[in-house]
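# Report on the structure
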Amino acid sequence: MIRSEELKKYLDFAYSAYQENNITNQEYRQQGKVPYIVHPLWCAMLLIADTQIPYNQRELGFKALILHDILEDTSLELPDWVEQEVRDVVKEPTFE
């Protein structure tokens, strides 16, 4: 089960990363209409809400999806508190 405190930690980091540390120094994408956080948040929420997928996979997927563009679209690295399994999933589709 993803604890509320852990969920908030991921959301807070992702918000700060995408909104305040993206490499374009812009708060919005799609011609200035949509905050950067919307895409990773939408992906993560879509997965965690899907009750057809086992919960442990949804939890891992949520964490990875909320962070999935951090390494490409921001000036930040993943924090030390991110579990290795999540790091591995995030790094897999990341372009160098």
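Everything below is about the structure shown above.
Residues numbered from 1 in each chain as written. Predicted model: local features only at pLDDT ≥ 70, side-chain atom pairs only at ≥ 80, totals over all residues. Heavy atoms only, no water.

Once that is clear, we can look at the side chain of K63. Relative to the elements of secondary structure, K63 occurs in helix α3 (residues 55-67). Engagement of the side chain of K63 in a polar contact is seen with the side chain of E83, the distance being 2.8 Å. Excluding its chain neighbours within four sequence positions, the residues that come into contact with K63 are I2, E6, Y10, E83 and V86. (Helix = DSSP H or I, 4+ residues; strand = E, 2+ residues; numbered from the N terminus. Polar contact = N/O pair within 3.5 Å; in protein donor to acceptor, adjacent residues only side chain to side chain. Contact = heavy atoms within 4.5 Å.)

Attention now goes to helix α2 (residues 38-48). Listed as buried for α2 are P40, C43, A44, L47 and I48. Projected down its long axis, α2 shows its buried positions confined to an angular sector of 120°, all on one face. Where α2 is buried, its residues touch α1 (4-20) and α3. (Buried < 20%, exposed > 50% of the residue type's maximum accessible area, 1.4 Å probe, protein only. Arc of directions from axis to C-beta.)

Next up on the list: the nonpolar core. Ranked by size, the top nonpolar core spans 19 residues in total, and within it Y10, Y18, I66, L67, I70, V86 and V90 carry the most contacts. Where this core is concerned, the elements lending two or more residues are α1, α2, α3 and α5 (84-91). Residue contributions to this core peak at five residues, all from α1. Excluding its chain neighbours within four sequence positions, the residues that come into contact with Y10 are K63, I66, L67, W81, V82, E83 and V86. (Core = buried A, V, L, I, M, F, W, Y, C linked by side-chain atoms within 4.5 Å.)

Tallied over the full model, the rule gives two aromatic pairs. An angle of 85° between the planes, with centres 5.1 Å apart, marks the rings of Y10 and W81 as edge-to-face. Taken together, the positions of Y10 in helix α1 and W81 in the loop between α4 (70-73) and α5 put the pair 71 residues apart, joining distant regions of the chain. Using a relative accessible area of 1% as the deciding quantity, one classes Y10 as buried. The partly exposed category is assigned to W81, whose relative accessible area is 30%. Measuring from centroid to centroid gives 6.0 Å for F13 and W81, while their planes differ by 85°, and the two rings are edge-to-face. In this pair, F13 is assigned in helix α1 and W81 in the loop between α4 and α5, connecting sequence segments 68 residues apart. Through a chain of ring-to-ring contacts, three or more aromatic side chains come together here, namely Y10, F13 and W81. (Phe/Tyr/Trp six-rings, centres within 6.5 Å; stacked < 30°, edge-to-face > 60°.)

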